[in-house]
Amino acid sequence: MRKLIIFTLVGFFAQLIDGALGMSYGLTSSTLLIAYGVAPAVVSSSIHMAEIATTAVSGYSHYKFDNIDKKLVLPLIIPGSISAFLGAAFLSSLPGEKIKPFISIFLLLLGVYIVARFLLMKTSNEKRREVPVKNCFLYPLGALAGFFDAVGGGGWGPINTPVLLSRKGALPRKVIGTVDTTEFAITISATLGFLLFLGWEQLHWLWVVSFMIGGVAAAPLAAWLVRIVPPFILGVGAGGFIILTNLRTLLLALNIPADLMVLIYVVMVLGWVAAIIASIRKNFHFQKRERIVETKGENFG
């Protein structure tokens, strides 16, 4: 019972982060299950089954808050759904225990990428003209993200969101809302692949329901928070959690002595806290400079 309560809380906070950042529900949830020793294919299938409900509620919430760029939806969904199904087939054919350390490495690297992305990100109030994205770019992007989402238990958001945010003039809430909404189709496709190649009996239904309850409860709140909470705080926080948890799996796989593991963890936690503080300070000073520039401009005008 205690484990189910923990999974429900993790599902809640994972969806809260995902809905506000456009990433990390699958990564956060998968990281926890991998740490509990569950086979990667079962982890990914269970998380995707739970995400059917959470992405549906999240997508509807973003739609109600007008957080969706409709031009990006189909060019991402079509290739992403196909590659997610293929990714599920690929992962289902691999031996769980042998592939687990490699999946943890993949998740850890994504965690590092998320921390670096949001640590270096600057929050600007400057309104710039949005540059449209061509379909010839969106199709391979969706295909790549869909495949790694199925293989890693999360990847749709971490791959799509930073790339789409890097466009000149991109609106963060539109990018995040679009990525979260399109993930519903990718989740269904990956889940069908896992059910076909693994079967229903492999799913941990109590875990699925726990993650589902927590995620559904958090989805509307997250769609609202994306308008007001600085994304760099959630990004660095979520990325650090993903790094720390997957680091544990890797250290155990390498048979690192317990004393050395504790030392490594202390150093990583201190680094995580320092990254959060640095991100807050950096963005605070950046916004302060912007307000000064705007004030001078208004006085000059």
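In case you missed it, the structure is sitting above this.
Parameters at a glance
- Residues numbered from 1 in each chain as written.
- Predicted model: local features only at pLDDT ≥ 70, side-chain atom pairs only at ≥ 80, totals over all residues.
- Heavy atoms only, no water.
- Helix = DSSP H or I, 4+ residues; strand = E, 2+ residues; numbered from the N terminus.
- Expected span 1.5 Å × (residues − 1).
- Buried < 20%, exposed > 50% of the residue type's maximum accessible area, 1.4 Å probe, protein only.
- Axes fitted to C-alpha atoms, helices over the stretch in contact; angles between N-to-C directions.
- Left-handed = near helix turned anticlockwise from the far one by under 90°.
- Contact = heavy atoms within 4.5 Å.
- Nonpolar A, V, L, I, M, F, W, Y, C, P; charged D, E, K, R; others polar.
- Core = buried A, V, L, I, M, F, W, Y, C linked by side-chain atoms within 4.5 Å.
- Salt bridge = Lys/Arg side-chain N within 4 Å of Asp/Glu carboxyl O.

Visitor: Which parts of the structure should I look at to understand helix α6 (residues 135–152)?
Guide: Two residues of an α-helix separated by three or four positions point the same way, owing to the 3.6 residues in each turn. Here α6 spans 25 Å end to end across 18 residues, near enough to the 26 Å set by a 1.5 Å rise per residue. Within α6 the residues assigned to the buried category are Leu138, Leu141, Gly142, Ala145, Gly146, Asp149, Ala150, Val151 and Gly152. Gly153 occupies a position one or two residues after α6 and carries a positive phi of about 80°.

Visitor: Would you mind showing me how to read unusual backbone geometry here?
Guide: The phi torsion of most residues other than glycine is negative, and most of the peptide bonds are trans. Here the phi dihedral of Asp66 falls at roughly 60°; this positive angle occurs in a residue that is not glycine. Mapped onto the elements, Asp66 comes out in the loop between α3 (40–64) and α4 (70–92). Asp66 sits in the partly exposed class, given a relative accessible area of 46%. In this structure, Asn255 is a non-glycine residue whose phi angle is positive, near 55°. Its place among the elements puts Asn255 in the loop between α10 (231–253) and α11 (258–300). Overall, Asn255 belongs to the exposed group, its relative accessible area being 66%.

Visitor: Sorry if this is basic, but what is going on with the packing of α4 against helix α7 (residues 156–165) here?
Guide: A packed helix pair is summarised by two numbers, namely the angle formed by the two axes and the spacing between the axes. Put simply, α4 and α7 touch, their axes get as near as 14 Å, and they point 145° apart. As for how α4 packs across α7, the hand of that crossing is right-handed. Along its contact with α4, which presents Leu72, Leu76 and Gly80, the element α7 presents Trp156, Asn160 and Leu164. Here the contact of α4 with α7 is composed, by residue class, of four nonpolar, two polar and no charged.

Visitor: Can you walk me through the nonpolar core in this structure?
Guide: Counting residues in each nonpolar core, the largest one holds 45 residues, and the members touching the most others are Leu76 and Leu164. Elements that contribute at least two residues to this core include exactly α4, α5 (96–120), α6, α7, α8 (172–197), α10 and α11. Residue contributions to this core peak at eight residues, all from α5. In this structure Leu164 touches Leu72, Leu76, Leu138, Leu141, Ala170, Val175 and Val179, once residues within four positions along its chain are discounted.

Visitor: Hey, could you run me through the pattern of salt bridges in this one?
Guide: Charged atoms that come close allow side chains of opposite charge to pair. In the structure shown here, the tally under the stated rule is two salt bridges. Ionic pairing is found between Asp69 and Lys71, a salt bridge with its closest N-O pair at 3.2 Å. You can call Lys71 exposed: its relative accessible area is 61%.

Shape is all these values report; function is a separate question.
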